[in-house]
Amino acid sequence: MTFDSASVEPVPPSSPPPPPVRPWLVEDLPALDPDPFLDSLLRDEPVTRIQLPYGEGHAWLVTRYEDVRFVTSDPRFSRAELVGRSVTTMAPQTVASQTAGLQYIDAPRHTVLRRVVARAFTAKSMARLRPSAERTAREMLRGMRRAGAPGDLMEHLYTPFPIAVVCAFLGADEDDWRNWAGNSEALLTKASARERNQAARQDTRNRVVALLERRRTEPREDLAGVLAAAAASGEITDDEAISLAMAVYVSGGHAVRNNSGSMMYALLTHPDQFERLRREPELLPKAVEELFRFVPHRNGVGIPRVATEDVWVGGHLIRKGDVVYNAYVAANRDPSAFPTPELLDFDRSGAAHLAFGHGPHFCLAALMARMEAEVLIEAVLTEFPELRLAVPAEEVEFQRDGLIRGPRTLPVTW
């Protein structure tokens, strides 16, 4: 196998001793505060070794922007090598299936599955979905207004909206999203709710199986229709179709809920920037990109990779078989890529954020997440131009023990 020389880091003349293994409990953090452990590593030890609360052994952790891009795009770092292996991790159970889907496979099979899903994630499909998303957001906000101030944006908008949108994208009936909604949060919890996680996963799987079966006889251009057609033709297996649909549901529901809530919290605690968006609505797409960079979208780290041969990263030799985590939230605060990264700056230019990952596993749902973020902020600005927090910022309750960070409640008034 050969590699593009531009993607391979030069071999240093000598290898420094490996850094010590640092225990990392990944505890809950206040509001949008960055993780001080990651900040210190980014500054002093950008390539290090860690031990997380569950699993076995230790892993490398990469925090610097260019190093994260290198590891996530170099084919010598494999997701497939994780299958059947116990590694140090944040949760006692994996979030996604290790038998099918996009998360735990490499090219060439990964390329095939990604190509199938990409047929549903197009600019045309987002344009088709956007008007109903806009109507849904406005209706939910008007419901909050009817209920009276103060209102909870998480309850009235950010919890139901992404479930409604992702269910419409999947192909569920228009009002059926309420029957899916209860499972989203349970699918991304840590140690305290394993039985709830398993029950939610099984119920969601049953719903996905029924929807895919329905699309075999009632074909449409939604995601279920795309996956059912690909499975019927033999391009993918039935298990792969199920796993792909579930992965989109989880990321499209729970992740968007929390990211969107965090974005609005960021705007409400940066009133000058919020007011600027009111005055300059054309700035919204650029503001959304900066919000994706600025908001710490998760606790800790996500799915690691395994080195399939010895590779130099950031001056350290990572041996074949070593596990490597990438800290996207740290890379989004790397001052070498983002000067004054602690500032929310809608005029920022230059490097692209890594909130959706990088390389072959770049989030396919990024197009939909961007659309939803724009729709949600625009709807709030239109329906509630005088919106403000109903409590001091430090009293806003953020969720605990979640893999994805975000407000548990977001009380507002107008």
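The rules behind each value
Sequence positions are assigned chain by chain, starting from 1 and proceeding in written order. The model is predicted, so local features are restricted to residues of pLDDT at least 70 and side-chain atom pairs to those at 80 or more, both for listing and for counting; the totals for chains, interfaces and linings are taken over all residues. Computation of side-chain values: all heavy atoms of the structure, hydrogens and water removed. Buried Ala, Val, Leu, Ile, Met, Phe, Trp, Tyr and Cys residues form a nonpolar core when they are joined through side-chain atoms within 4.5 Å. Working definition: with a 1.4 Å probe on protein chains only, accessible area under 20% of the residue-type maximum means buried, over 50% means exposed, and in between means partly exposed. A run of H or I in DSSP becomes a helix once it reaches four residues, and a run of E becomes a strand once it reaches two; helices and strands are each numbered from the N terminus. What makes two residues a contact is simply this: any of their non-hydrogen atoms within 4.5 Å. Strands are labelled as partners when DSSP assigns at least two bridges between them. Note on handedness: a crossover is taken as right-handed if, strands pointing away from the viewer, the path from the first strand over the helix to the second is clockwise. Pairing of aromatic rings covers Phe, Tyr and Trp, the last counted by its six-membered ring, and requires centre-to-centre distances within 6.5 Å; plane angles under 30 degrees mean stacked, over 60 mean edge-to-face, and any other angle means tilted. Remark: a charge is flagged as sitting over a ring if the NZ atom of Lys or the CZ atom of Arg is within 6 Å of the ring centre and within 35 degrees of the ring normal. Only the stretch in contact is used when a helix axis is fitted, and all axes are lines through C-alpha atoms; the angle between N-to-C directions ranges over 0 to 180 degrees. Criterion for a salt bridge: a side-chain nitrogen of Lys or Arg within 4 Å of a carboxyl oxygen of Asp or Glu.

**Q** I'm lost on the nonpolar core in this one. Help?
**A** In summary, soluble globular proteins display a tendency toward joint burial of nonpolar side chains. Counting residues in each nonpolar core, the largest one holds 89 residues, and the members touching the most others are Leu153, Leu157, Leu227 and Met264. Looking at this core, the element that brings in the most residues is helix α10 (residues 238–268), giving 14 residues. In contact with Leu157, not counting residues within four places along its chain, are Ala137, Met140, Leu141, Pro162, Leu376 and Val380. One finds Leu82, Val306, Val323 and Val329 within the second-largest nonpolar core, a separate group that totals 21 residues.

**Q** Looking at this structure, how should I read the pairing of strand β2 (residues 47–51)?
**A** In the case of a regular strand, side chains alternate between the two sheet surfaces. The buried fraction of β2 amounts to four of the five residues, a majority that puts the element mostly inside the structure. For strand β1 (residues 21–23) and β2, the ladder comprises three bridges, and the chain directions are parallel. Bridging from a neighbouring strand, Arg22 pairs with Ile50 of β2. With helix α1 (residues 36–44) bridging β1 and the parallel β2, this β-α-β connection has right-handed handedness. Judged from the four bridges that link them, β2 and strand β3 (residues 59–62) form a sheet pairing that is antiparallel. Counted as the bridge partner of Val47 is Val62 from β3.

**Q** Please clarify how the sheet that holds strand β11 (residues 411–413) should be interpreted in this entry.
**A** Adjacent strands of a sheet pair through backbone hydrogen bonds, lying either parallel or antiparallel. Judged by pairing direction, the sheet is antiparallel, and its three strands sit side by side in the order β5-β11-β10 without closing on themselves. Looking at the sheet topology across the chains shown, the edges are occupied by β5 (151–152) and β10 (388–389). Here β5 runs beside β11; their pairing, made up of two bridges, is antiparallel. Looking at the pairing, Gly151 lines up with Val412 of β11.

**Q** Is there a simple way to think about the packing of aromatic side chains in this case?
**A** Enumeration according to the criterion identifies seven aromatic pairs in this entry. Between Phe121 and Phe169 the ring centres are 4.5 Å apart and the planes differ by 40 degrees, which places this aromatic pair in the tilted class. You can see Phe121 sitting in the loop between α3 (109–118) and α4 (123–147) and its partner Phe169 sitting in helix α6 (residues 160–170), a full 48 residues away along the chain. For Phe169, a relative accessible area of 5% corresponds to the buried category. Connected via pairs of aromatic rings, a cluster forms that spans Phe292, Phe356 and Phe362. For Arg293, the ring lying beneath its charged end belongs to Phe338, and the centroid distance is 5.5 Å.

**Q** It is not clear to me how the sheet that holds β1 should be interpreted in this structure. Could you clarify?
**A** The mixed open sheet is built from six strands, whose spatial order is β1-β2-β3-β9-β6-β4. This sheet does not close on itself; its edge strands, each paired only once, are β1 and β4 (77–78). The pairing of β4 with strand β6 (residues 305–307) spans two bridges and is antiparallel. What sits directly across from Ser78, in β6, is Val306. Where α1 meets the sheet, it contacts β1, β2 and β3, and its direction lies at approximately 80 degrees from that of β3. Of the strands in this sheet, β2, β3, β4, β6 and β9 (323–326) touch helix α2 (residues 65–73), which is tilted by about 130 degrees from β9.

**Q** Which parts of the structure should I look at to understand the pattern of salt bridges?
**A** Pairs can form between side chains of opposite charge once their charged atoms are near each other. Scanning the entire structure with this criterion turns up 29 salt bridges. When the shortest N-O distance is used, the salt bridge between Arg128 and Glu221 registers 3.4 Å. Of this pair, Arg128 sits in helix α4 while Glu221 sits in the loop between α8 (194–217) and α9 (223–232), and the two are 93 residues apart along the sequence. Across the pair Glu383 and Arg142 runs a salt bridge whose closest N-O atoms are separated by 3.1 Å. On the criterion of sequence distance, the pair formed by Glu383 in helix α14 (residues 366–383) and Arg142 in helix α4 is long-range, its members being 241 residues apart. The class for Arg142 is partly exposed, based on a relative accessible area of 38%. Linked by salt bridges that have partners in common, Arg214, Arg215, Glu218 and Asp222 make up one network.

The analysis is restricted to geometry; functional conclusions fall outside its scope.
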